[in-house]
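# Descriptive analysis of the structure
Each chain, written out:
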Amino acid sequence: MKRKAVNLQDVWKARSRIAPIVQHTPLMFSEELSQLTGKSVYLKLENLNTTNSFKIRGAANKILSLTDEERNKGITTFSTGNFGLSVAYVAKKLGIKAVICISQRVPDAKVEVLKRTGAEIEVIGDSQDDAEQHSYDLEREQGLTVIHPFDDPHVIAGQGTIGLEILEDFPEVDTVLAGLSGGGLHSGLGVALKNTNPSLRLIGLSTANGAAMYESIQAGKPIVVEEQNTLADSLLGGIGLQNHYTFQMVRQYVDDIALLNEKEFADGMLFMLEKHRMVIEGAAASGISAILNNKVNTGSNVVIVVSGCSVDISVVLKMLDNTNGLSTIDRI
Ligand SMILES: *Cc1c(COP(=O)(O)O)cnc(C)c1O
């Protein structure tokens, strides 16, 4: 069966559908990054969105598109991170039952955060795959609708609304950088940006500690990649061996993918803290990290998507300890 692709109109529809829940986030000029690069660099501050990441856009567009019957039966997802939080938030707002399936391996601190959202938590198995399987069991047995974190047309169209806002606020944009994991974000950005300006450059940043999309593109098909801990934990996770949408769309739209190491993610996070006084997570700092470390070629009108801020303050404090009081600029 050929599946219907996501088009620009879907992204515009998403925009009006999600407007009551989602923020049009600020696009902030970065004096510091612009001076450093000699280019105009702007930061799209999705860390300031509802639930502190862009994931609210895709989650809201998907859930608001469900039929009354589907809403009455409830929904389920298997994301422990920003997407799970966004699904729980939207479900609560609309009075829909939500079940988040997680494995026994998910750290207690994360489980506590998820519990506070009011969603039901089901702990099952000891891998992310087990949790995902359980969501699909609930769909079959109880009629819940699975809300997939990235491989879904409504989720993709929702994430694409970031692209519409960027074009509105900075029409001269020629390069967009953002963290790349399952590819929902880049698929949506691709539809919104490249259908408007085909010559715009879209650049993905992934973690060298588990770059499933990058490795899959190299292999020519979705593959499983071994993962290690990383400051950019929101960029971990497979793309699904049965990937339906994002693998093709990322291949079509993304011009370049750079892999970043732990020091590089730390550079971006510390730069944002020191120069712009904001705490953000590694995945969200990836665009800044890439520019500071000369990992990418950009045009002269650059937008970096600062995608979220789910990071334990203890991690940030430890990083600051390790810098011995030197500023990020001094170290690089
Ligand atoms: C999910 C996420 C990403 C990557 O988005 P994908 O659609 O999975 O590629 C990047 N940054 C943050 C903060 C995220 O939560």
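These notes cover the structure that comes with them. (Residues numbered from 1 in each chain as written. Predicted model: local features only at pLDDT ≥ 70, side-chain atom pairs only at ≥ 80, totals over all residues. Heavy atoms only, no water.)

Okay, the sheet that holds strand β4 (residues 98-102) next. Spatially, β5-β4-β3-β6 is the arrangement adopted by the four strands of the open sheet, whose pairing is parallel. Each edge of the sheet is formed by a strand with only one pairing partner; in this case those strands are β5 (120-123) and β6 (145-146). As judged from the two bridges shared by strand β3 (residues 75-77) and β6, these two strands associate in the parallel manner. Directly across from T76, in β6, lies its bridge partner V146. Each of β3 and β4 touches helix α5 (residues 82-94); the most contacted strand, β3, lies at about 165 degrees to it. Along the sheet, helix α7 (residues 128-142) contacts β3, β4, β5 and β6; its crossing angle with β4, the most-contacted strand, is approximately 145 degrees. (Pairing = 2+ DSSP bridges. Helix = DSSP H or I, 4+ residues; strand = E, 2+ residues; numbered from the N terminus. Contact = heavy atoms within 4.5 Å. Axes fitted to C-alpha atoms, helices over the stretch in contact; angles between N-to-C directions.)

This part covers the pairing of strand β2 (residues 40-45). The pairing of strand β1 (residues 27-29) with β2 spans three bridges and is classified as antiparallel. Within β2, the residue paired with L27 across the bridge is K44. The sheet contact formed by β2 and strand β10 (residues 301-306) spans six bridges and is parallel. Residue pairing across strands places S40 opposite N301, the latter belonging to β10.

Our next topic: the pattern of salt bridges. Enumeration over the complete set of coordinates arrives at 12 salt bridges. The partner of E69 in a salt bridge is K73, with the nearest N and O atoms 3.4 Å apart. Of this pair, E69 and K73 both sit in helix α4 (residues 68-73), four residues apart, roughly one helical turn. According to the relative accessible area criterion, E69 is exposed, its value standing at 54%. Judged by relative accessible area, which is 42%, K73 ranks as partly exposed. We note a salt bridge from D255 to K194, for which the minimum N-O separation is 2.6 Å. Remark: K194 occurs in helix α9 (residues 184-194) and D255 occurs in the loop between α11 (246-253) and β9 (256-260); sequence separation between them is 61 residues. We classify D255 as partly exposed; its relative accessible area is 40%. (Salt bridge = Lys/Arg side-chain N within 4 Å of Asp/Glu carboxyl O. Buried < 20%, exposed > 50% of the residue type's maximum accessible area, 1.4 Å probe, protein only.)

What follows concerns the site of the ligand. Around the ligand, a shell composed of 16 residues is seen, among which K55, N82, S181, G183 and S307 lie nearest. Contact between the ligand and G183: an oxygen atom at 2.8 Å from a main-chain N or O atom of the residue. Within the backbone of L185, an N or O atom sits 2.8 Å from an oxygen atom of the ligand. About the coverage of the ligand: the protein hides 97% of its 380 Å² of free accessible area. Class assignment of the residues belonging to the shell around the ligand gives a composition of five nonpolar, nine polar and two charged. (Near = heavy atom within 4 Å. Polar contact = N/O pair within 3.5 Å; in protein donor to acceptor, adjacent residues only side chain to side chain. Areas by Shrake-Rupley, 256 points an atom, 1.4 Å probe, with all protein chains shown as cover. Nonpolar A, V, L, I, M, F, W, Y, C, P; charged D, E, K, R; others polar.)

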